[in-house]
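Structural description and commentary
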Amino acid sequence: MGSPISLLTPDRLLTADRLLTADALAVTPEVGELIGRQALDRSQWITCQGQGSFSLAAAMLSAATQQGSWLAILATPTLGVEAISELGVDLGRVVAVDADLESPMQWAERVVACSDGFDLVLTTMPTHIPDRIWRSMSQRTRRNGTVVVGLNSTGSNLTGSNLTGDLRGVDLRCRVVGSVWEGLGRGSGRFVARRLQVEVAARRLPGVRKGQLVLR
Amino acid sequence: MAAVHVSAQTPAAVLRARRGIARSPAAAEVGVRVGQSQREAQRHCPELEIHEDDPARTARNFEPVIRAVIDLAPRCEISAPGWLCLPARGPARYFGGEEAVAERLRDLVADLTGWPVGVGIADGRFASTVAARDAVRSGPVVVPAQTSGEYLADRSLQWLERVGEIPAEMARLFEQLGLRTCGDLAAMSPGDLLGRFGPVGARAHHLAAGRDLRPVAATDPPGSWEYQRALSEPVPHLDAVVFLAKQIADQMWSELSTRGRVCTRIEIAIETEHGERNERSWYHGAGFRAAQILERVRWQLEGWASTAEMTAGVVLIRLAATEVSADSGVQDRFWGGRSRADDDALRAITRLVGMAGVDAVRVPRWQGGRLPDERYRWVPALSTGSDSGPDSGPQSGSQSRFDVGPALWPGALPAPSPAVVLTEPRAVTVHDANGDPVTVTGRGEISGAPAVVIEKGRSVEVPCWAGPWPLEQRWWDPQSVRRVARFQMLLSDGSAVLAVVEHQRWWIIALYG
């Protein structure tokens, strides 16, 4: 009937509940194409870097929020609310939490606290995370079945951060290697859409998957 | 009417979503208020008895009151358990004046329940409800005819949200625009409000001016929206009856909404196998959604089942929309239920607040504006103020915080919006191809095409750009008027930025990150 209520009739709620207990969270077909499977496994650590990584991360998580999963945005005060809403994130299930990135200990505690109740956590990563803290934190978020997406602080290229290779146990590393904008000219037009070129490396698979994601 | 069994002398409060929605007179005396958090209320009164909100319990306890009032005035409508409205004219004529009716109603309910009840008489539902809230402490309030506007004039706009079913965002938006009281709002031209804010604005004006006797939009003739469901087997379980009513509630709602209509008053009739019949009128100024209709069915059933009158299973449910008006689009979009994920999230939010403090855990709320940093505001997730209506705490997954809509802000840049909104704008200088600084005149003309952006001594070329899009903010207020020109620029290092010029200085305020 095309009316909003049909989205959340009790049947639909049941579906959502069942999804939550299942092992995977929904992604849009475009993101599925990019990461090579049509769902996000629970208990995953994902990192996104490069220019456009904020948008990429939001696009990856949007379908799950629409299916009833809650998203905690940790230590990322600059994330544009309107942009993530345009990318499909359901703002009714978004909560922002502060954390001090200078204190990896405090940050890690809050990541764990978020993971114990939210299906999705999007966080800026401290530039250095001691190995011991990293190990115990990632173990606990995995036990909670949460998908954690880590960003670097500015959304631009990482220089010398441990995100690139040091952190053992990151399941999916996404790197935006280029983006092409449509719509903007020399003194005319406006940003209309962009195509992100993304490289995705999965932990247990050899090689790097190259793909693109059109955001508009 | 907090209908738990506590005596009027015990300080007690009823909480929903960790905020007070009702309190006993004894609690009111020591400063416990509706809208406070549990913690805050307990600070005022450590021995406070806390009861979780249970609409079914309230419905059961309210049933005798409804019955008593219907005996007196058959045309009474129920807004929610604890809140009913009735046309005063008939009973007033019968009992000899409005004061007499008001006192009679108060005594009637006090005899039945032992609780003070507020009775207010005024022009329209909104003004009379405000009067009734006043009357809880002062005794019946009768506002003379045609003076409801004056009676409301000094009230804060929060009343519109609390009893007028105007979205909280809208009430806050009015406040941001400098309108503080119902009187301020009533003084505006209704045409302007309609043009600027749509039907919700017009409705708010209508309420604030004390003129909501009739619904804003024209009403359809009664009788055209009736749905019933006869059950072949009598159904004894309330849940099952509600489930069966869902089908006709959905049908009614979808047929109304495809015609752009919404039902504001509904008559629900239920019959049992033994021929017993229960009929009630329910009112919801913002219009009933299917879920809200079902909620009323449930309340009504709970109330009826608590009496001895209902002796058999239900065989017939009938819904009739008795007041239908144009859909003004202010309703919550969501089904009232909560999933396990919502409960888990609420639990985590509570714990995070304990770890990091109230202000460190926030939810986004639409506030409107034309620059990226203005359009949404983060508000504490467990805030204590009346930040959202009683039905939509942050935990409900409700969309109402975002429903006012971007369309009200012409001049804002269209999507895509920047994914990184800088908390500290970055100062830059911009030069044209000749190396001269680019300036923007008051009329929005630029001195040359931007060619290079220089930030902290590092220069980057500008292959593509667009602008300026001038913007004059708050032109009606000379204190805070702000003139900026916006540019979108693609830089040769691959970043896409939103820059503004203000007082001939350039700032990067957001990145399309």
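Note: the structure precedes this text.
The following paragraphs examine the structure supplied in this document. Treat the numbers as computed from the prediction; the structure is a model and nothing was measured.

Here's the deal with the pairing of strand E18 (residues 482–490) of chain B
Residue and element names in this part refer to chain B. Most of E18 sits inside the fold, with seven of its nine residues counted as buried. Strand direction decides the pairing type here: strand E17 (residues 464–473) and E18, joined by eight bridges, are antiparallel. If you follow glutamate 472 over to E18, its bridge partner there is arginine 483. Bridge count between E18 and strand E19 (residues 496–502): six bridges; the pairing is antiparallel. Following the sheet pairing, phenylalanine 487 is matched in E19 by alanine 499. Between E18 and E19, which pair antiparallel in sequence order, lie five residues; one of them, glycine 494, sits at a positive phi of approximately 95°.

Some words on the sheet that holds strand E5 (residues 94–97) of chain A
With mixed pairing, the ten strands of this open sheet are ordered in space as E10(A)-E9(A)-E8(A)-E3(A)-E7(A)-E6(A)-E4(A)-E5(A)-E12(B)-E13(B). Each end of this open sheet is capped by a strand with a single partner; those strands are strand E10 (209–215) of chain A together with strand E13 (376–380) of chain B. With strand direction ignored, the average angle separating the axes of adjacent strands in the sheet is 30°. By the bridge criterion, five bridges tie strand E12 (residues 361–366) of chain B to E13 of chain B in an arrangement that is antiparallel. Directly across from valine 363 of chain B, in E13 of chain B, lies its bridge partner valine 379 of chain B. Strands strand E3 (45–49), strand E4 (71–74), E5 and strand E6 (120–124) of chain A of the sheet are contacted by helix H5 (residues 104–115) of chain A, whose axis makes an angle of about 170° with E4 of chain A.

Here's the deal with the packing of helix H12 (residues 238–258) of chain B against helix H13 (residues 290–305) of chain B
All names here are of chain B. Two elements in contact, H12 and H13, have axes whose closest approach is 9 Å; the angle formed by their N-to-C orientations is 145°. Considering only the axes of H12 and H13, their crossing is right-handed. Along its contact with H12, which presents Leu238, Asp239, Val241, Val242, Ala245, Lys246, Ala249, Asp250, Met252 and Trp253, the element H13 presents Ala290, Ile293, Leu294, Val297, Arg298, Leu301, Glu302 and Ala305. Of the residues contributing to the contact of H12 with H13, the split by class is 13 nonpolar, no polar and five charged.

Notes on the packing of helix H3 (residues 55–72) of chain B against H13 of chain B
Residues and elements named next belong to chain B. In the contact formed by H3 and H13, the axes pass within 7 Å of each other and the chain directions differ by 65°. Classified by chirality, the crossing of H13 by H3 is right-handed. Contacts from Pro55, Ala56, Ala59, Arg60, Glu63 and Arg67 of H3 reach H13 at Trp299, Glu302, Gly303 and Trp304. When the residues that make up the contact of H3 with H13 are grouped by side-chain class, the tally is five nonpolar, one polar and four charged.

Remarks on H13 of chain B
Between its first and last C-alpha, H13 of chain B extends 22 Å over 16 residues, near the 22 Å set by a 1.5 Å rise per residue. Across the 16 residues that make up H13 of chain B, a large majority, 13, are buried.

Description of the nonpolar core
Soluble globular proteins: nonpolar side chains tend toward being buried together. Membership of the largest hydrophobic core comes to 62 residues, with the highest contact counts inside it found for Ile46, Cys48, Leu56, Met60 and Cys174 of chain A together with Met489 and Trp506 of chain B. Looking at this core, the element that brings in the most residues is helix H3 (residues 53–66) of chain A, giving eight residues. Other than its neighbours up to four places away in sequence, isoleucine 46 of chain A contacts Leu40, Met60, Val147, Val148, Val149, Gly150, Val170, Leu172 and Cys174 of chain A. Listed in part, the 46 residues of the second largest apolar core include Phe62, Ala245, Leu256 and Ile266 of chain B.

Brief notes about the sheet that holds E18 of chain B
Residues and elements named next belong to chain B. A sheet is described by the order of its strands in space; here seven strands give the open sequence E16-E15-E14-E20-E19-E18-E17, paired in antiparallel fashion. Pairing within the sheet leaves two strands with one partner each, and these edge strands are strand E16 (458–461) and E17. When strand polarity is set aside, the average angle formed by the axes of neighbouring strands in this sheet is 35°.

Reading guide: rules and limits
- Residues numbered from 1 in each chain as written.
- Chains lettered and ligands numbered in written order.
- Predicted model: local features only at pLDDT ≥ 70, side-chain atom pairs only at ≥ 80, totals over all residues.
- Heavy atoms only, no water.
- Buried < 20%, exposed > 50% of the residue type's maximum accessible area, 1.4 Å probe, protein only.
- Helix = DSSP H or I, 4+ residues; strand = E, 2+ residues; numbered from the N terminus.
- Pairing = 2+ DSSP bridges.
- Axes fitted to C-alpha atoms, helices over the stretch in contact; angles between N-to-C directions.
- Contact = heavy atoms within 4.5 Å.
- Left-handed = near helix turned anticlockwise from the far one by under 90°.
- Nonpolar A, V, L, I, M, F, W, Y, C, P; charged D, E, K, R; others polar.
- Expected span 1.5 Å × (residues − 1).
- Core = buried A, V, L, I, M, F, W, Y, C linked by side-chain atoms within 4.5 Å.

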